[in-house]
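The lines below spell out each chain.
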Amino acid sequence: MKPVVGIVVSNKMQKSVVVAVDRLFHNKVYNRYVKRTSKFMAHDEADACNIGDRVRLDPSRPLSKHKHWVVAEILRRAKVYVPPSATASSEHDIKSQQAGAATKSSN
């Protein structure tokens, strides 16, 4: 087996990830390319993969009933949305409360 490249779709297990690998093949009857997706469970020793990461998998000996691949390297990290920090929103709330108190006291 040769190394494959795919996208991490699940990392909810300890030291394991599920990777979706896409492949294209030519359908001779319809003269079109068809995309198929295979899901592989892989061993992630460092537990460093997140959902959306692009990884390269190397084949290995069977590690469990479903795990026969090892994450060799993370090719590209996923862009993770980071919400504004809670401190920034609490500062905004405090300022709005102070502004509201100032308008009430002026009336």
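Residues numbered from 1 in each chain as written. Predicted model: local features only at pLDDT ≥ 70, side-chain atom pairs only at ≥ 80, totals over all residues. Heavy atoms only, no water.

Asks: Explain the overall build of the protein chain to me, please; I cannot follow it from the model alone.
Replies: The helix and strand inventory of the protein chain stands at one helix and five strands. Element order for the protein chain, N to C, with α for helix and β for strand: β-β-β-β-β-α. Looking at the protein chain as a whole, 20% of its 107 residues qualify as buried. Here the analysis covers contacts within the protein chain between residues at least 6 apart in sequence; of these, 47% occur between residues at least 24 apart. When the accessible surface of the protein chain is summed, it comes to about 8400 Å², and 55% of that surface belongs to carbon and sulfur atoms. (Helix = DSSP H or I, 4+ residues; strand = E, 2+ residues; numbered from the N terminus. Buried < 20%, exposed > 50% of the residue type's maximum accessible area, 1.4 Å probe, protein only. Contact = heavy atoms within 4.5 Å. Areas by Shrake-Rupley, 256 points an atom, 1.4 Å probe, with all protein chains shown as cover.)

Asks: Could you clarify how one ought to interpret the pattern of salt bridges in this entry?
Replies: Pairing between side chains of opposite charge can happen when the charged atoms of each approach one another. Scanning the model with the defined rule gives four salt bridges in all. The closest approach of N and O atoms between K15 and E45, which form a salt bridge, is 3.0 Å. Of this pair, K15 sits in the loop between β1 (4-13) and β2 (16-27) while E45 sits in the loop between β3 (32-43) and β4 (54-59), and the two are 30 residues apart along the sequence. Here D53 ties to R77 by a salt bridge, and the two come within 3.4 Å at their closest N and O atoms. Of the two residues, D53 is situated in the loop between β3 and β4 and R77 in the loop between β5 (67-76) and α1 (86-106); the sequence distance between them amounts to 24 residues. Residue classification places D53 among the buried positions, given a relative accessible area of 1%. If you follow the salt bridges from partner to partner, you end up with R56, D58 and E73 in one network. (Salt bridge = Lys/Arg side-chain N within 4 Å of Asp/Glu carboxyl O.)

Asks: I keep staring at the environment of F25 and nothing clicks. Help me out?
Replies: Of note, F25 is situated in strand β2. Take F25: its relative accessible area is 30%, and that puts it in the partly exposed class. Sequence separation of F25 and K35 is 10 residues, and the distance between their C-alpha atoms is 6.8 Å. Residues contacting F25, with those up to four places away along its chain left out, are R32, Y33, V34 and R36.

Asks: I keep staring at the pairing of β5 and nothing clicks. Help me out?
Replies: Bridge count between β3 and β5: three bridges; the pairing is parallel. Of the residues in β5, the one forming a bridge with H43 is V70. Judged from the six bridges that link them, β4 and β5 form a sheet pairing that is antiparallel. Of the residues in β5, the one forming a bridge with R56 is E73. (Pairing = 2+ DSSP bridges.)

Asks: Looking at this model, I keep getting lost on the nonpolar core. Mind explaining?
Replies: Taken as a class, soluble globular proteins show a tendency for nonpolar side chains to be buried jointly. The biggest cluster of nonpolar side chains holds 11 residues, and these are V4, V8, V17, V19, V21, A42, C49, V55, L57, W69 and V71. At the level of secondary structure, the elements contributing two or more residues to this core comprise β1, β2, β4 and β5. Of all the elements, β2 adds the most residues to this core, at three residues. Excluding residues that lie within four positions of it along the chain, V4 makes contacts with V21, V55, R56, L57 and W69. (Core = buried A, V, L, I, M, F, W, Y, C linked by side-chain atoms within 4.5 Å.)

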